[in-house]
Amino acid sequence: MNRRKSLADRIVQNRVWKSVFRQGYPNTAENQSKVVVNSWFLHIHPVKVRRHTLKITYTFGLGVISFFLFVVLVVTGAWLMLFHVPSVERAYGSIQGLETDVPFGILMRSMHRWAAHLMVLTVFLHLCRVFFTGGYKRPREFNWVIGVVLWVTTLLLSYTGYLLPWDQLSYWAVTVGTNMVGSFPGIGEIMRMALLGAKEVGQPTLTRFYALHIAILPLVMTILIGVHFWRIRKDGGLSAPGEKSSGERTEGS
Amino acid sequence: MKTKQESTPIFPSDPRKTYGLMELVKGTSPMVDKGPEETVMSWPNLLILEVLAGLGTTVILLFWSLAIHAPLRDLANPDVTENPAKAPWYFMNLQEMLLHMHPALAGVIVPVIVIIALMVIPYVDRNEDDVGVWFASKKGRTIALWSAVYTTVWIPGLILFDELIRVRSLVPGPEIYPGWVIPLAVIAGLMALLYVMIRRWRPSRRETFVGLFTAFAVSYLLLTISGTFFRGHGMHLVWPWDLPPGALPF
Ligand code: HEM
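Residues numbered from 1 in each chain as written. Chains lettered and ligands numbered in written order. Predicted model: local features only at pLDDT ≥ 70, side-chain atom pairs only at ≥ 80, totals over all residues. Heavy atoms only, no water.

Looking at the overall build of chain A
Piece 1. Helices and strands together make up the secondary structure of chain A, namely 12 helices and 1 strand.
Piece 2. When the helices and strands of chain A are read in sequence order from the N terminus, they spell out α-α-α-β-α-α-α-α-α-α-α-α-α.
Piece 3. By its C-alpha atoms, chain A is 75 × 55 × 30 Å across when sized along the principal axes.
Piece 4. Here chain A holds 253 residues, and 49% of them are scored as buried.
Piece 5. Taking all contacts inside chain A whose residues are at least 6 apart in sequence as the whole, residues at least 24 apart take part in 65%.
Piece 6. Accessible surface for chain A amounts to roughly 12,900 Å². Of this, 67% is attributable to carbon and sulfur atoms. (Helix = DSSP H or I, 4+ residues; strand = E, 2+ residues; numbered from the N terminus. Buried < 20%, exposed > 50% of the residue type's maximum accessible area, 1.4 Å probe, protein only. Contact = heavy atoms within 4.5 Å. Areas by Shrake-Rupley, 256 points an atom, 1.4 Å probe, with all protein chains shown as cover.)

With respect to the confidence of the model for chain B
Residue and element names in this part refer to chain B.
Piece 1. Considering every residue of chain B, the mean pLDDT works out to 89; 90% of them sit at 70 or more.
Piece 2. Confidence drops under a pLDDT of 50 for residues 1–7, and excluding neighbours within four residues, the segment shows 11 contacts in the predicted structure.
Piece 3. This complex was scored by the predictor with a pTM of 0.90 and an ipTM of 0.90. (pLDDT = per-residue confidence, 0-100.)

A word on the coordination of the iron atom of the ligand
Expected angles at a metal are 109.5 degrees for tetrahedral coordination by four donors and either 90 or 180 degrees for octahedral coordination by six donors.
Residue and element names in this part refer to chain A.
Piece 1. Looking at the metal site, the iron atom of the ligand is ligated by H126 (NE2) and H228 (NE2), spaced 2.0 to 2.1 Å from it.
Piece 2. Of note is the iron atom of the ligand, whose 6 donor atoms meet at the metal with angles of 86 to 179° in an arrangement that counts as octahedral. Pair noted here: H126 is in helix α7 (residues 105–132) and H228 is in helix α11 (residues 203–234), with a separation of 102 residues, a long-range link.
Piece 3. According to the relative accessible area criterion, H228 is buried, its value standing at 12%. (Donors = N, O, S within 2.8 Å, 3.2 Å for Na, K, Ca; no water. Tetrahedral: all angles 85-135°; square planar, octahedral: opposite > 155°, others 65-115°.)

Observations concerning the nonpolar core
Piece 1. Counting residues in each nonpolar core, the largest one holds 84 residues, and the members touching the most others are F131(A), W144(A), W151(A), W166(A) and F213(B).
Piece 2. With residues near it in sequence (within four places) discarded, F213(B) still touches L127(A), C128(A), F131(A), F132(A) and L118(B).
Piece 3. Residues I143(B), Y150(B), L194(B) and A215(B) belong to the second largest nonpolar core, which totals 6 residues. (Core = buried A, V, L, I, M, F, W, Y, C linked by side-chain atoms within 4.5 Å.)

Remarks on the site of the ligand
Residue and element names in this part refer to chain A.
Piece 1. Close to the ligand lie 23 residues; H126, R129, G147, H228 and S239 are nearest.
Piece 2. Between H126 and the ligand, the recorded distance is 2.8 Å, taken from a side-chain N or O atom to a nitrogen atom.
Piece 3. Contact distances for the ligand include 2.8 Å between a nitrogen atom and a side-chain N or O atom of H228.
Piece 4. At the level of elements, α5 (62–81), α7, α8 (141–163) and α11 are the ones that each hand at least two residues to the shell around the ligand.
Piece 5. When the residues that make up the shell around the ligand are grouped by side-chain class, the tally is 13 nonpolar, 8 polar and 2 charged.
Piece 6. The two domains that each donate at least three residues to the shell around the ligand are domain 1 (58–133) and domain 2 (163–233). (Near = heavy atom within 4 Å. Polar contact = N/O pair within 3.5 Å; in protein donor to acceptor, adjacent residues only side chain to side chain. Nonpolar A, V, L, I, M, F, W, Y, C, P; charged D, E, K, R; others polar. Domains from an automatic or database assignment.)

Quick notes on the domain arrangement of chain A
Residue and element names in this part refer to chain A.
Piece 1. Under the domain assignment used here, chain A contains domain 1 (58–133) and domain 2 (163–233).
Piece 2. Computed over C-alpha atoms, the centres of domain 1 and domain 2 are 16 Å apart.
Piece 3. Taken together, the contacts link 15 residues of domain 1 with 17 residues of domain 2.
Piece 4. Carbon and sulfur atoms make up 71% of the surface buried where domain 1 meets domain 2, a total of about 1,300 Å² over both sides.
Piece 5. Looking at the side of domain 1 facing domain 2, the largest losses of area belong to F70, P86 and V88, adding up to 38% of the total buried there.
Piece 6. Across the domain 1-domain 2 interface, the total number found is 0 salt bridges.
Piece 7. Here domain 1 is connected to domain 2 by 3 residue pairs in polar contact (both at pLDDT 80 or more).
Piece 8. Per-element accounting of the side of domain 1 that touches domain 2 gives the leading share, 5 residues, to α7.
Piece 9. Class assignment of the residues belonging to the side of domain 1 that touches domain 2 gives a composition of 9 nonpolar, 4 polar and 2 charged. (Buried area = accessible area lost by both parts, 1.4 Å probe. Salt bridge = Lys/Arg side-chain N within 4 Å of Asp/Glu carboxyl O.)

Okay, here's the thing in C-alpha cells:
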C-alpha cells in the first residue's frame, strides 16, 4: 500500500479530472477500453484493432495523414478568414497586409497553402494504396465510391481557394480552367457562366468561389469524412489478407 | 468467476471461466471470426501511431512553410496575360492533354470518364480472394511493372511527336479530326494494345485492372510533370532549367 500519492495520481484521481475523463489512467485493459469508448474524439476507433491494421507498409498512414492535413487546413483557414476580404478591390491588399502586419501571418498563410498542396498528394496516394491492396472489395465497395468523391472534393477545395488571393496566378489559373469547361459543345458556355457567375472572372466569381471554399465544400468534406470513417468501422475495420475465406464460413449461420 | 461472455464456437474456451449463452443473433457482426489473439488494444497501439503521424506531418509542414513562403504574384490583371498561363500543378495533367485534343475532351469528358471508371471498379472486380495483397499477386506485380514501362515509353513519345511533328500539321482540319477522332483513337488504341498484351499472362480481372490502373496513374504523373516542369512560353516544350520566370504554378 502506497501512503503517499504522487502528484500525477492527485491530478487524475480528483473529481474534476474524473468529470472530464470518466475512467482512470489507461494502464489497464478496462481503462484502455473506456478511454476510447468514453471519448467523443476517440470513439470512432474500435477498442481493439487487428495487428495487420497497424502494419505501416499496408496503409503508410496515408488516410490518417490526409485527415490530419484537413484539420490543419480548417484551423489555419479559419485564422486566414479573420483577415481576408473577399472583394476584388481588397482581397489582394488584405493578403499583403496579412503578410506584413500580422504576427505569424506569412507562416500561417504558407502552412495553409502547402498543407493544401500536400493533401492533394496524400489523398491521391491513399487512393492508389487502397486500389493496389484491393481494399475496395466487398463490403467496402461503397466506401471506395465515397473515397472517389472525397478525392474530387479535395481537388475542388484546393482549386476554389486558389482564386482567393486575387493575384495573377489565381486569375489566370481560374480563367484557363473555366475556359476548358466553356468549350464543351452546346452547354459549355452555360456551365462556364454558372461557375463564374459572369462572362469573365470577376467579383461574382470571387463571391462564388469564396462561398464554396469556406462554407459549402468544407461542410461536404466534413460530412463525407465522417461517413467514410463510420463505414470503416461498419465494414469491420481495415481490409486484410485472408479475410474472405474465414468470413464465408459463418455466412448464413 | 466473473466473466460471462457471449461466445461463438470459433473462440477456444478458457477452463477458468464460465460461459453462458446470452442470446442468439442471426447474421454476422463486423468483428466475427477475428479471434482476440490477432487483435491488440487501440489504446495505446493504434493511437500512438496516429499521434506520430500527426506530429510528423506538423513538423514537416512547419519547416517547409518557414523555409518557403506561399507565393503571391502581382495583383490580378485581365489585360496582362501570363505567358504561360498555368492551372495549379494538380490540374496540369488536364492542361497538358488540352494541348493535344479538343478542350472539352481534355477538361471535361476524359476526367468525367476517369471518375466514373474508378467508381465502378469494385462492382466489376468482385472476387474477394485476394483482398489485402499488394498488386494482387506476383503476376499482378509483373503486370503493374510492365504497364508502367509501357506507359512511360508512350506518353513522352506522344508528347514529343505532337511537339516536333504536330498532328495538326499532318491533319490540319476539319477540327473534328485533330480535336476528337485522332486523340480518341490513340487513347483507345493504346488501351486496347495494353489490354491485349496483359492478356498474355492470363490474368484475373483484378490483375487486369492492376495493369489498367497503373497505366492511368503513370499517365497522370507524367502528364503532370510535363505540363508543370517542361512547358514554357506559349506552352512549348523546354527544359526545366530554361523555364521563363514565373512559369512554375506555385
Ligand atoms: C479526404 C480524404 C480522405 C481521408 C481523410 C481518408 C481517410 C481514411 C482513413 C484514415 C482510412 C483508414 C486506413 C488508412 O489510413 O489507409 C481510410 C481507409 C479507406 N479509404 Fe480513405 N480517406 C480519404 C480519401 C479516400 C479516397 C480518395 C479513397 C478511394 C477512392 C478512399 C477509400 C478508402 C477505402 C476503401 C478505405 C478502406 C481501406 C481498407 O479497408 O483497406 N479514401 N481512409
